[in-house]
Amino acid sequence: MAPSLTKDSVSPGTPGSERTFFGQPRGLATLFMTEMWERFSYYGMRALLPLYLVAPGGLHLNAATATAIYSVYVSLVYLLAMPGGWFGDRVWGPRKTVAVAGGVIMLGHLTLALPLSGTFYMGLGLVAIGSGLLKANISTMVGHLYDGPDDPRRDGGFTVFYMGINLGAFAAPLVIGTIGENVNWHLGFALAALGMALGLAQFLIGSRHLAPRSSVVPTPLSAEEKVSTLRKAAIWAGIAVVFYAIVGFSGHYTLNWILVPLTLLGVIIPTMVLVRIKRDTSLDRVEQSKMSAYIWFFVAAAVFWMIYDQGGSTLAIFADSSAENSVFGWSFPVSWYQSVNPVLIMALAPVFAWFWLALNRRGKEPSTIVKFASGLVLVGASFFLFLAPLSIAEGGHKAAAMWLVAIYFVQTVGELLLSPVGLSVTTKMAPAKYASQMMGVWFLAVTAGDATTGLLSIAGVGLNGMNVVALEATLAVVAGVAVCMYRNRVKQLMGGVH
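Thresholds applied
- Residues numbered from 1 in each chain as written.
- Predicted model: local features only at pLDDT ≥ 70, side-chain atom pairs only at ≥ 80, totals over all residues.
- Heavy atoms only, no water.
- Helix = DSSP H or I, 4+ residues; strand = E, 2+ residues; numbered from the N terminus.
- Buried < 20%, exposed > 50% of the residue type's maximum accessible area, 1.4 Å probe, protein only.
- Contact = heavy atoms within 4.5 Å.
- Areas by Shrake-Rupley, 256 points an atom, 1.4 Å probe, with all protein chains shown as cover.
- Salt bridge = Lys/Arg side-chain N within 4 Å of Asp/Glu carboxyl O.
- Core = buried A, V, L, I, M, F, W, Y, C linked by side-chain atoms within 4.5 Å.
- Phe/Tyr/Trp six-rings, centres within 6.5 Å; stacked < 30°, edge-to-face > 60°.

### Comments concerning the overall build of the protein
A tally of regular secondary structure across the protein gives 17 helices and seven strands. Scored against the burial criterion, the 498 residues of the protein give a buried share of 49%. Across the protein, contacts joining residues at least 24 apart in sequence account for 79% of those joining residues at least 6 apart. About 22100 Å² of surface is accessible on the protein, with carbon and sulfur atoms providing 67% of the total.

### Observations regarding the pattern of salt bridges
Evaluated as defined, the whole model comprises three salt bridges. The salt bridge partner of Glu225 is Arg90, with a shortest N-O separation of 3.0 Å. Separated by 135 residues along the polypeptide, Glu225 in helix α8 (residues 223–249) and Arg90 in helix α3 (residues 81–90) bring together distant segments of the chain. The class of Glu225 is partly exposed, set by a relative accessible area of 31%. Since its relative accessible area comes to 21%, Arg90 is described here as partly exposed. A salt bridge links Lys371 to Glu365, with the shortest nitrogen-to-oxygen separation between them at 2.6 Å. A residue is classified by how much of its surface remains accessible, and Glu365, at 29% relative accessible area, is partly exposed.

### Digging into the nonpolar core
Of all hydrophobic cores here, the largest spans 102 residues; its most connected members are Met45, Tyr73, Phe120, Tyr294, Trp305, Tyr337 and Leu404. It is helix α10 (residues 285–308) that provides the largest number of residues to this core, a total of 13 residues. With near-sequence residues (within four places) excluded, Trp305 lies in contact with Glu415, Leu418, Ser419, Trp442, Ala445, Val446 and Asp450. Core analysis: the second largest hydrophobic core is formed by 22 residues, Ala101, Leu145, Val160 and Leu210 among them.

### Describing the environment of Gly460
By the secondary structure assignment, Gly460 is in the loop between α15 (438–458) and α16 (466–485). Given the relative accessible area of 56%, Gly460 is considered exposed. For Gly460 and Ala63, which are 397 residues apart along the polypeptide, the C-alpha to C-alpha distance reads 9.9 Å.

### Here's the deal with the environment of Phe161
You can see Phe161 is positioned in helix α6 (residues 154–182). Through-space distance from the C-alpha of Phe161 to that of Ala373 is 28 Å; in sequence the pair is 212 residues apart. Those residues in contact with Phe161 that sit more than four places away from it in its chain are Leu28, Leu31, Phe32, Glu35, Ile138, Ser139 and Val142.

### Quick look at the packing of aromatic side chains
All told, the structure shown has 27 aromatic pairs when counted by the stated rule. Between Phe120 and Tyr121 the ring centres are 5.6 Å apart and the planes differ by 85°, which places this aromatic pair in the edge-to-face class. With a relative accessible area of 32%, Tyr121 lands in the partly exposed category. Ring centres of Phe304 and Trp305 lie 5.0 Å apart, and the angle between their planes is 90°; on these two criteria the pair is classed as edge-to-face. Take Phe304 and Trp305: they sit in the same class, and that class is buried. Three or more aromatic residues joined by ring pairs form one cluster here, namely Tyr52, Phe120, Tyr121, Trp185 and Phe189.

Shape descriptors only; they carry no functional weight alone.
So this is what it looks like as structure tokens:
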């Protein structure tokens, strides 16, 4: 059933009209539906991507190359969230940036829908650019709907918005995955474009309900800055064009000429950003201490996402080739596994919220560090669990679907322990000077984790081999135990943050 709109009295000055969306400002309905359709397009395409890359009717690549491409793509989406936020702050404003982003994403999916291998990577690049532009700005506009951080409806509004993300992510593999796998790959990508088109239409029609300041450019570039930025962009673009022209015309070009630089950037840029903030001499002693503690969380999160995001690549490719994808004799498309996580998030998130409150009342709620460490241990445990279906497949049998469901379940519990805590601790530990940038820094942990997976794949490491899976699982568990063992030292560095 579609969410209903109700008439409510709204305090003077509240953005939006008198009609409300679950008691929230009317503009939340616009952003909810925009994000839901954008996530529908993103996760639908993502569920098809590794399967299309290895399919005989697709690009028919080997598993290592497919995993590298998938990992580079996901890392780019999160890496580009930082320049996406910069565009919203300094060039177009959040509202215009999201509108442009929706058009770029839709064009990217349409390019993927073309039955031409030459345009496929261009389509991936367009979707990554558009997603980076949209991701950083649409959440900002949700915040604009409320009367400052103390508005009592604010947390509830972000909860409703978060449900839109998971609704889109849940439905996408069931619809786009089914059509893509069973009918036509490119028709599946076209459905992703349709999803984004619906989201963009919803945004443009309902944008009148958004807060006026969503159209404002908070800190616009000066004329001198514009000239300097365009000059630098043109120089770097020119260098790239000349370099790849030389490589191409010399006959040495392979896919790795693109994949290797992008994966290296995914590791180097997060490292450079952290080093730059940590070495900023304008930060006081307390802020420096908090940043030292935050680096622990960042590295641990990168390890977590390195394993967790293989649920869409390594696990999906394994399911395609070595799992019995049926329950009680009823077969289903491989892409449907990607709906397990969002439905578990929607089911378990309220339970976790209630559980933490209940423990807090008794004075027994685990600390941030313990929750974080537990998330790491669980994602490691999920890959220890992965060893069982791998062993079954090595014995020449198909692994039962419930093995994979169990792995996704353990990973989701780990995500609910680590991800919300990471977001919270990022805002609490951010130096005042970098308050608006630190959320982008947190997303860079995903970039670093996925880029590491990409580098391993490019190096020819078989990520679905039992030894490698066991090594990754051990790394995560050891990292979780190490964070827990040194929790007192980290607490000291965190200062008054709990």
